[in-house]
Amino acid sequence: MSLRIRTSACTALTVAALAAGTVLIAPAAGAAPKAAAPKFLSASQLPPHPTSSWTAGPVTEGFPEELGFCVSTEGVPSYDYRHRTFRTDLDTNAVQLTVVADTAAHAKALAKHYDDLIRTCADRIEQSSPDVEAEGRDYGTLPVEEGARVRGLHTETSWGATDIALLSVGRDDKTVTVVKWGQLGDFTNAPVAAFKKTTTTAVNKLY
């Protein structure tokens, strides 16, 4: 079941910006030349699948629809989004997003905003979709660059479809990355330790 969750992200992002001591604005025209683009995970750096290898798609401009389940660009400045999708031959998929903010303070606020969206995603799903039960779990922070946090999300429909996802948000200076892994199943099927390793690699690999 494809769920699209639209949330009032503008208010949330404003609060996050204030907490970071800054105000989010769109990058100014004529800004300094862009630095080198952040690097992405390779297929071999995803949590190993027991019976199928990962295949990585090309790095693509734009915001990935695969993150629209919990994360969106609503209320967020028009930064340049890039992403890469991954898949196995079976029911497992993944995606990585990178976005470079104009200042480290704005990136800190953006990372908090994305993490807040993921943290509240289960409640928003249940409010908008009565036929779906959702549960989120917090798997804690990771000591990499400016930090990262890993969360889990399980959904089950009234007709029995069940999905598990692991999502993380990390930051290196002005760059934020979001990683999502998902497949059919529940929390017992989630490779949390391997995903934490993937998240650490994703943040370290940005630059």
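Residues numbered from 1 in each chain as written. Predicted model: local features only at pLDDT ≥ 70, side-chain atom pairs only at ≥ 80, totals over all residues. Heavy atoms only, no water.

**Structural notes on the nonpolar core**
In terms of nonpolar packing, the biggest core is built from 28 residues, with Tyr114, Leu153 and Val176 touching the most fellow members. Those elements that place two or more of their residues in this core are strand S4 (93–100), helix H2 (104–119), helix H3 (121–128), strand S5 (132–142), strand S7 (162–172) and strand S8 (175–184). Once residues lying within four places of it in the same chain are set aside, the contact partners of Leu153 are Phe69, Cys70, Cys121, Ala122, Ile125, Glu135, Gly136, Asp163, Ile164, Ala165, Leu167 and Phe187. The next biggest cluster of nonpolar side chains, apart from the first, holds 20 residues, and it includes Leu41, Leu46, Leu166 and Val192. (Core = buried A, V, L, I, M, F, W, Y, C linked by side-chain atoms within 4.5 Å. Buried < 20%, exposed > 50% of the residue type's maximum accessible area, 1.4 Å probe, protein only. Helix = DSSP H or I, 4+ residues; strand = E, 2+ residues; numbered from the N terminus. Contact = heavy atoms within 4.5 Å.)

**Notes on the packing of aromatic side chains**
Two descriptors summarise a pair of aromatic rings, namely the distance from one centre to the other and the angle between the planes of the rings. Under the definition given, this model contains one aromatic pair. Seen from their ring centres, Phe63 and Tyr81 are 5.3 Å apart, and the 85° between their planes marks the pair as edge-to-face. On the criterion of sequence distance, the pair formed by Phe63 in the loop between strand S2 (60–61) and strand S3 (81–87) and Tyr81 in strand S3 is long-range, its members being 18 residues apart. On the accessibility criterion, Phe63 (24% relative accessible area) is partly exposed. Note on Tyr81: relative accessible area 10%, which makes it buried. The aromatic ring of Phe187 is capped on one face by Arg137, whose charged end is 3.8 Å from the ring centroid. (Phe/Tyr/Trp six-rings, centres within 6.5 Å; stacked < 30°, edge-to-face > 60°. Lys NZ or Arg CZ within 6 Å of the ring centre and 35° of its normal.)

**Looking at the confidence of the model for the chain**
When pLDDT is averaged across the chain, the result is 87; 83% of the residues are at 70 or more. Predicted confidence for residues 1–27 stays below pLDDT 50, and this span has 56 contacts to residues more than four positions away or in other chains. (pLDDT = per-residue confidence, 0-100.)

**Focus on the state of the cysteines**
Here the structure, examined in full by the defined rule, presents one disulfide. Cys70 shares a disulfide with Cys121; S-S distance 1.9 Å. Because the torsion about its S-S bond is -85°, the bridge between Cys70 and Cys121 counts as left-handed. Of this pair, Cys70 sits in the loop between S2 and S3 while Cys121 sits in helix H3; the two residues are 51 residues apart in sequence, bridging distant segments of the chain. Assessed through its relative accessible area of 4%, Cys70 is described here as buried. (Disulfide = S-S within 2.5 Å.)

**A short note on the pattern of salt bridges**
A pair can form between side chains of opposite charge whenever their charged atoms are brought close. Evaluated as defined, the whole model comprises nine salt bridges. Across the salt bridge formed by Asp115 and Arg151, the nearest N and O atoms sit 2.8 Å from each other. In this pair, Asp115 is assigned in helix H2 and Arg151 in strand S6 (residues 148–157), connecting sequence segments 36 residues apart. Of the charged contacts, one joins Arg149 and Asp138 as a salt bridge, the two residues approaching to 2.7 Å between their closest N and O atoms. On the criterion of sequence distance, the pair formed by Arg149 in strand S6 and Asp138 in strand S5 is long-range, its members being 11 residues apart. For Asp138, a relative accessible area of 44% puts it in the partly exposed group. (Salt bridge = Lys/Arg side-chain N within 4 Å of Asp/Glu carboxyl O.)

**Things to note about the side chain of Arg151**
Here Arg151 falls in the buried class, since its relative accessible area comes to 8%. One polar contact links Arg151 to Asp115, side chain to side chain, over a distance of 2.8 Å. (Polar contact = N/O pair within 3.5 Å; in protein donor to acceptor, adjacent residues only side chain to side chain.)

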